[in-house]
Amino acid sequence: MRLLFLGDMVGKSGRTAVWERLPGLISDFRLDFVIVNGENAAGGFGITEEIFRETLNAGADVVTTGNHVWDQREALTFAPREDRFLRPANFPKGTPGRGSGLYIARNGARVLVSNIMGRVFMHPELDDPFQAAERELAACPLGEQADAVVIDFHAEATSEKMCFAHFVDGRASLVVGTHTHQPTADHQILNGGTAYLTDAGMCGDYDSSLGMDKEEPLNRFLSKVPKGRFEAANGPATICGVGVEISDSTGLAEKVAPLRLGARLEETVPSFW
């Protein structure tokens, strides 16, 4: 099975680039399943229902999120009725929406997707992400109810991301980090067969500060006095993510490589595609 995960869409530039390029990627590389993190798609803060639906229309099978999921308040309304929209599974009991789902890929495979958020340097009050993963994997084990398992681990600390991946190694097809918006170069297959990347990066304008117009973030570092709001940068976007080949027999990763498309960063496409 060929699976593509795209990192956080940031603003109009990022989401438009994904909408324009994704249909061709699905066709050209015969992708079976696509996951997109959309938590920064609406002006850099949250996601609207219209943006969510346009992302599905472009070919995404699931949209994951993170700590900015409720920045657009309408997400509280559409999250409970959209089974292809995920918020972190370790949010408190009673939070609208769902943190995991089982979906059917284009090749007929059953794909469990889980969105889990880290606690280090983020929200220590959240439920333990390791125990949240244990619950999700126990409810839908790889090789039994699921033919593939993908976890979007939305976290800040690289150590937490790495330890989380080792914790589920052999029980997930892919653990991919999101949140920092910077693509890392450590794609690998762990000893148990789980593909891993510390951060997929973002789909947005890299002539920026994490997808935001760089003047105001720079001003705050220099003066500590806000002059305005953060605004999403609107220059040409680079699409960043990771591609995985998953064994049809074991559900574990056979190949993994980053994908980067755009003028700002060096372009790369998984060679096995």
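Residues numbered from 1 in each chain as written. Predicted model: local features only at pLDDT ≥ 70, side-chain atom pairs only at ≥ 80, totals over all residues. Heavy atoms only, no water.

S.K.: Before we move on, could you go through the overall build of the protein and cite the residues and values that matter?
M.R.: When helices and strands are tallied, the protein shows six helices and 13 strands. Against the globule reference of 19 Å for 273 residues, the protein gives a C-alpha radius of gyration of 17 Å, in line with a compact fold. Seen along its three principal axes, the alpha-carbon backbone of the protein occupies a region of about 55 × 40 × 35 Å. Scored against the burial criterion, the 273 residues of the protein give a buried share of 58%. Sequence-distant contacts, at least 24 apart, represent 63% of the contacts inside the protein between residues at least 6 apart. Total accessible area on the protein is roughly 11400 Å²; 50% of this is exposed by carbon and sulfur atoms. If you average the places of the 26 positive and of the 37 negative side-chain charges in the protein, the two averages end up 3 Å apart. (Helix = DSSP H or I, 4+ residues; strand = E, 2+ residues; numbered from the N terminus. Rg over C-alpha atoms; globule rule 2.2 N^0.38 Å. Buried < 20%, exposed > 50% of the residue type's maximum accessible area, 1.4 Å probe, protein only. Contact = heavy atoms within 4.5 Å. Areas by Shrake-Rupley, 256 points an atom, 1.4 Å probe, with all protein chains shown as cover. Lys, Arg positive; Asp, Glu negative; His and termini not counted. Charge placed at Lys NZ, Arg CZ, Asp CG, Glu CD.)

S.K.: Describe the packing of helix H4 (residues 129-139) against helix H5 (residues 158-168), and please don't skip the residues or the numbers.
M.R.: Relative to each other, H4 and H5 sit at 30 degrees, their axes nearing to 11 Å. Classed by the angle they form, the pair H4 and H5 counts as roughly parallel. The interaxial crossing formed by H4 with H5 has right-handed handedness. Taken together, the residues of H5 that come into contact with H4 (itself represented by Pro 129, Phe 130, Ala 133, Glu 134 and Leu 137) are Glu 160, Cys 163, Phe 164, Phe 167 and Val 168. A class-by-class count of the residues in the contact of H4 with H5 yields eight nonpolar, no polar and two charged. (Axes fitted to C-alpha atoms, helices over the stretch in contact; angles between N-to-C directions. Parallel < 35°, antiparallel > 145°, perpendicular 65-115°, else oblique. Left-handed = near helix turned anticlockwise from the far one by under 90°. Nonpolar A, V, L, I, M, F, W, Y, C, P; charged D, E, K, R; others polar.)

S.K.: Could you give an account of the packing of aromatic side chains, with specific residues and numbers?
M.R.: Counted according to the given criterion, the structure contains nine aromatic pairs. A ring pair is formed by Phe 52 and Phe 78, whose centres lie 5.7 Å apart and whose planes are at 20 degrees; its orientation type is stacked. Taken together, the positions of Phe 52 in helix H2 (residues 49-57) and Phe 78 in helix H3 (residues 75-78) put the pair 26 residues apart, joining distant regions of the chain. One exposure class covers both Phe 52 and Phe 78, and it is buried. (Phe/Tyr/Trp six-rings, centres within 6.5 Å; stacked < 30°, edge-to-face > 60°.)

S.K.: Tell me what's going on with the pairing of strand E5 (residues 100-104), and back it up with residues and numbers.
M.R.: Across five bridges, the pairing between E5 and strand E6 (residues 110-117) is antiparallel. Each bridged residue has a counterpart across the sheet, and for Ser 100 the counterpart in E6 is Ser 114. Connecting the antiparallel pair E5 and E6 is a turn made up of five residues, with Gly 108 showing a positive phi of about 90 degrees. (Pairing = 2+ DSSP bridges.)

S.K.: Could you give an account of the sheet that holds strand E1 (residues 2-6), with specific residues and numbers?
M.R.: Strand pairing in a sheet is mediated by backbone hydrogen bonds. Such pairs are either parallel or antiparallel. With mixed pairing, five strands are arranged side by side in an open sheet as E4-E3-E1-E12-E13. Taken across any chain shown, the strands that pair with only one partner, and hence form the sheet edges, are strand E4 (62-64) and strand E13 (253-261). With direction set aside, neighbouring strand axes in the sheet form an average angle of 20 degrees. In this structure, strand E12 (residues 239-246) lies alongside E13, joined through eight bridges in antiparallel fashion.

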